[in-house]
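Read off the chains here:
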Amino acid sequence: MLFLRSLLYAIFLAVTVIPYAIACLLWAPLPLHWRYRLTVGWPRLAIWGARVICGIRWQVRGWENLPDGPAILLSKHQSAWETLCFPAHMPREVCFVYKRELHWVPFFGWGLALLRMIPIDRSKGRDAFEQVVRNGQRRLNEGRWPLLFPEGTRIAPGKTARFKLGGALLASRTGAIVIPIAHNAGECWPRNAFVKRPGMITVSIGPAIESQGKTPEDLNREVQDWIEGEMRRLNPERYGSESPAGTAVRRAAR
């Protein structure tokens, strides 16, 4: 039954994304704000379909921690689910930092390219980060929230990876506060897995972390400690008897 529901959901995504991508091209001349609102209708539809077809429900803790002003969101990355949910349901427009090659992905990449987010030209080497800083500052000035996944790739539940410095460096260079986000979407929508499992995804939005007066390394460590500590509260069974403090000590010893 899980396979059949997942198959039906895959068909649902394929059938809806093609006309939506064509529509994105048609409304490309509209102002960015309207393009964004219309384009994220498909991720919203995908999240709705996951709930109705696959039984993937979700809840958010900590909405009150989102500021009414500039911020950089740094999130745990377990699944494709959060890449759909965040742009569809955050109260402000979010801007992913991603490799520019995604623009060439049929249908999905077309809509992404029209949203003026923060694509990276990896062929630029070190200059690529300067592109992120310049574009990140522009997006913050526009009232949008840059969103990065510090682990760089999707990580299985119960696992962690070294947090890359890009998000902390961007916050340090722009002076924006950081909002850490933990979630357990991988419990229902695992990485590279066709079969989706029903259940409740919890998204936990942490309190703002100031970037001013901190080195990128210290800021990055503070973000990782909060996210990984919150992951252990969301799914303690994944981590056995290991405490967040023990993890921090082990990480510092490496």
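The protein has the name 1-acyl-sn-glycerol-3-phosphate acyltransferase in an unreviewed UniProt entry, where Bordetella genomosp. 9 is given as its organism. The record in UniProt for the protein states the following under Pathway (unreviewed entry): "Lipid metabolism."

**Let's talk about the overall build of the protein**
The secondary structure content of the protein amounts to 9 helices and 7 strands. In terms of C-alpha radius of gyration, the protein reaches 18 Å, essentially the compact-globule figure of 18 Å for 254 residues. Along the first, second and third principal axes, the C-alpha atoms of the protein reach 50 × 45 × 35 Å. A buried classification covers 50% of the 254 residues belonging to the protein. In the protein, the share of contacts with a sequence separation of at least 24, taken over all contacts with a separation of at least 6, comes to 72%.

**Thoughts on the state of the cysteines**
Within this structure, the stated rule accounts for 0 disulfides. Cys 95 supplies the cysteine sulfur nearest to Cys 24, a cysteine that is in no disulfide, at a spacing of 16 Å. In this structure Cys 54 is a free cysteine whose sulfur lies 9.8 Å from that of Cys 188, the closest cysteine sulfur available.

**Some thoughts on helix 3 (residues 41-54)**
Between its first and last C-alpha atoms helix 3 spans 19 Å; for 14 residues at 1.5 Å apiece the expected length is 20 Å, and the two agree. Looking at helix 3, one finds that the buried residues are Gly 41, Trp 42, Pro 43, Ala 46, Ile 47, Gly 49, Ala 50, Ile 53 and Cys 54. If you follow the buried residues of helix 3, they end up packed against helix 1 (2-26), helix 2 (32-39), strand 1 (56-61) and helix 4 (81-89). Gly 55 occupies a position one or two residues after helix 3 and carries a positive phi of about 75°.

**Considerations on the pairing of strand 5 (residues 145-148)**
With burial as the criterion, each face of strand 5 is covered, one bearing Trp 145 and Leu 147 and the other bearing Pro 146 and Leu 148. Bridge count for strand 3 (residues 94-99) against strand 5 is 3 bridges, and the pairing is parallel. By the bridge assignment for strand 5, Cys 95 is matched with Pro 146.

**Quick look at the sheet that holds strand 2 (residues 71-75)**
Reading across the sheet, the 7 strands line up as 1-7-6-2-5-3-4 and stay open at both edges, with mixed pairing between neighbours. Each edge of the sheet is formed by a strand with only one pairing partner; in this case those strands are strand 1 and strand 4 (118-120). In this sheet, neighbouring strand axes are inclined to one another by 25° on average, regardless of whether the strands run parallel or antiparallel. Strand direction decides the pairing type here: strand 1 and strand 7 (residues 199-205), joined by 6 bridges, are parallel.

**A few points about the packing of aromatic side chains**
The full count for this structure, using the stated rule, is 7 aromatic pairs. Ring centres 5.5 Å apart and planes at 45° place the aromatic pair Phe 3 and Phe 194 in the tilted group. Taken together, the residues span a long stretch of sequence, with Phe 3 in helix 1 and Phe 194 in the loop between strand 6 (177-183) and strand 7 at a distance of 191 residues. Phe 194 gets classed as partly exposed once you look at its relative accessible area, which sits at 37%. Look at Phe 12 and Trp 48: their rings are 6.3 Å apart centre to centre, the planes differ by 50°, and that puts the pair in the tilted class.

Rules behind the numbers
- Residues numbered from 1 in each chain as written.
- Predicted model: local features only at pLDDT ≥ 70, side-chain atom pairs only at ≥ 80, totals over all residues.
- Heavy atoms only, no water.
- UniProt positions renumbered as here; feature names shortened; annotations may be inferred.
- Helix = DSSP H or I, 4+ residues; strand = E, 2+ residues; numbered from the N terminus.
- Rg over C-alpha atoms; globule rule 2.2 N^0.38 Å.
- Buried < 20%, exposed > 50% of the residue type's maximum accessible area, 1.4 Å probe, protein only.
- Contact = heavy atoms within 4.5 Å.
- Disulfide = S-S within 2.5 Å.
- Expected span 1.5 Å × (residues − 1).
- Pairing = 2+ DSSP bridges.
- Axes fitted to C-alpha atoms, helices over the stretch in contact; angles between N-to-C directions.
- Phe/Tyr/Trp six-rings, centres within 6.5 Å; stacked < 30°, edge-to-face > 60°.

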